[in-house]
Structures are given as structure tokens and as C-alpha cells.
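# Survey of secondary and tertiary structure
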Amino acid sequence: MHVHPTISRSELLIGSSALAALVIGVPQDSLSAAEEIHKWALSEVTPASVLGPYYPLVNKPLNPNTDLISIDGKARAKGPPLYLMGQVFNIKGKPVEHVEVEIWQANAAGKYAHPSDGNTAPDDPSFKGYGVATTDAQGRYRFKTVVPGSYPVVPGWDRAPHVHFQVTGRLDRHVTQMWFPDHPLNSQDRLFLNLPAGARPMVTAKLTSSSAEIEPDAKIAVFNIIVANG
């Protein structure tokens, strides 16, 4: 697999490093592990996935934003905070601006904020479960959320922790999912295993920890998305 000649590895590293500026309260040096960006081929679109049954059509927040962990000044959502950020590129390796990035996910206990979720795991009234960002001139987005929990689907299959994405640009609408590296449930998550082994790194975040001085239990995930045109 070869990186598209329109964007160099050094340019990718610079772009990944610049994502630190989008994270309020997280210092630049805390992203050192996240700067080793994935070596995916920019000629390949990020693998698509199903929208899933819990896309929040019926209960979207009235004013969705990039902070999913607090609602109207209430107590913060349960679970380790997650700073989730990345860039959206087209297959020519160019960052795409003004792209709407939607995310939705289960809470830290593995329960969606959706009336159709019959999981017996507890609800979290402080967790929105859905957010929207718009990419900047460098194609960057960022959210503050929590690390999602796993949940049962059928006997023998528990969904590994993951985050759903829908990316809507001027020409493309792309739905995908993001998994977490080295999670033991990845090895039996059927949606993850249905992807070719070589494509799985493209839907796996780069994960590191934040500065202990800032937020000791927080995680930082870098997830870049490639769409056909933008």
C-alpha cells in the first residue's frame, strides 16, 4: 500500500500534531503517541459500515455540539473522558473543510440514549450520546465524549466498544464506525471481522492518554476519515 503522492508522511504528521490545538485543556506534548498516524493509503476510502438501529432520529439533542458529557450544567457523564479528534481527507489526500461530522455511541455502561435499546445496562442522564462538528480549513474535527462500553447482541456476540460516524460533505455522505486498538472483544465483533484484515487499521483509532496533570483518567483518540470527494 502506498501513500498518495499528493500528501507526504511529514505533512500527515504535521496535520495530526496540529489536532492538539483543538483539544481544550490538553497540552500538545500529551499527543506524542497519537502523532504516529496510520499508514493507510489515501487512494482508499475508509471502509463503510451500517448506520445501525440507534441513529438518533427520534431523540437528537435540540442543539447538538461537540461536548457529549454534560447537559445543562448537570453532573458529568460517567466513565473515562475521551477526546476524539481527527481529519477528513478526500482520496487525493486533501483535507476537506465544511464537512458535517456526526457521532453517536453507547454510554460507558454500553447503553444507547435511544428508546429502542433494550439493553438492561443503566442509562446515564448526563450523557448526550450524539454530537455534531464541522471540519475547519484543515479538515479537522474534535469531540469530548466518554469511552463507550460494550454490549450484548446475541449469545456469543458482544459488540466491542465503538463509535458511529456519519460524514456529510458537499458531494459525499459516508457512514463508518471506529473501534479501539487491542480491545479483546474486537476478535469476536462480527462487523469488525467482516472487514478484510488489511482494512481494519483504517477503522481503528490511535489511542493514548492525556496528561496526568490535566485529566488523569482521560483518553485521546485520533481517527482520520477518507471520503471519495468531500
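Look a little higher up for the structure.
Let us look at the structure shown here. Everything numeric in this text was worked out from a predicted model, so none of it was measured.

The rules behind the values
Residues numbered from 1 in each chain as written. Predicted model: local features only at pLDDT ≥ 70, side-chain atom pairs only at ≥ 80, totals over all residues. Heavy atoms only, no water. Phe/Tyr/Trp six-rings, centres within 6.5 Å; stacked < 30°, edge-to-face > 60°. Helix = DSSP H or I, 4+ residues; strand = E, 2+ residues; numbered from the N terminus. Buried < 20%, exposed > 50% of the residue type's maximum accessible area, 1.4 Å probe, protein only. Pairing = 2+ DSSP bridges. Axes fitted to C-alpha atoms, helices over the stretch in contact; angles between N-to-C directions. Contact = heavy atoms within 4.5 Å. Core = buried A, V, L, I, M, F, W, Y, C linked by side-chain atoms within 4.5 Å. Polar contact = N/O pair within 3.5 Å; in protein donor to acceptor, adjacent residues only side chain to side chain.

### Points about the packing of aromatic side chains
One pass over the full model with this rule turns up 8 aromatic pairs. Centre to centre, the rings of tyrosine 55 and tryptophan 104 are 4.7 Å apart; their planes meet at 80°, and the pair counts as edge-to-face. Taken together, the residues tyrosine 55 in the loop between helix 1 (9-18) and strand 1 (81-90) and tryptophan 104 in strand 2 (residues 100-104) connect sequence positions 49 residues apart. Considering the side-chain rings of tyrosine 141 and phenylalanine 143, the 5.9 Å spacing of their centres and the 55° angle between planes classify their relative orientation as tilted. Judged by its relative accessible area of 1%, tyrosine 141 is buried. Since its relative accessible area comes to 1%, phenylalanine 143 is described here as buried.

### Structural notes on the sheet that holds strand 8 (residues 173-179)
Pairing within the open sheet is antiparallel, and its 4 strands lie in the order 3-2-7-8. Unpaired on one side and paired on the other, strand 3 (130-134) and strand 8 mark the two borders of the sheet. Going across the sheet, the axis of each strand differs from the next one's by a mean of 20°, ignoring polarity. Pairing geometry for strand 2 and strand 7 (residues 162-168), over 5 bridges, is antiparallel. In the strand pairing of strand 7, tryptophan 104 is matched with histidine 164.

### Focus on the pairing of strand 2
Along strand 2, 4 of the 5 residues are buried, which leaves the element largely enclosed by surrounding structure. Inspection of the sheet shows strand 2 paired to strand 3 by 5 bridges, in the antiparallel sense. Among the inter-strand pairings, valine 101 is bridged to a residue of strand 3, identified as alanine 133.

### A short note on the environment of serine 70
For serine 70, the position within the fold is in the loop between helix 1 and strand 1. Sequence separation between serine 70 and lysine 144 is 74 residues; the distance between their C-alpha atoms is 9.7 Å. The contact partners of serine 70, leaving out residues within four places of it in the chain, are Ser126 and Lys128.

### Some points on the nonpolar core
Core analysis: the biggest nonpolar cluster contains 25 residues, and Leu84, Val88, Tyr141, Phe143, Phe165 and Met178 have the highest contact counts within it. Elements that contribute at least two residues to this core include exactly strand 1, strand 2, strand 4 (140-146), strand 7 and strand 11 (225-227). Beyond its immediate stretch of four places on either side in the chain, methionine 178 contacts Leu84, Pro161, His162, Val163, Phe165, Val203, Ala205 and Phe223. Tyr54, Tyr55, Tyr112 and Tyr151 belong to the second largest nonpolar core, which has 8 residues in total.

### Considering the side chain of glutamine 177
Counting through the fold element by element, glutamine 177 comes out in strand 8. For glutamine 177, a relative accessible area of 0% puts it in the buried group. Looking at glutamine 177, its side chain comes within polar contact range of the side chain of serine 49, at 2.8 Å. Only 2.9 Å separates the side chain of glutamine 177 from the side chain of arginine 159, close enough to count as a polar contact.

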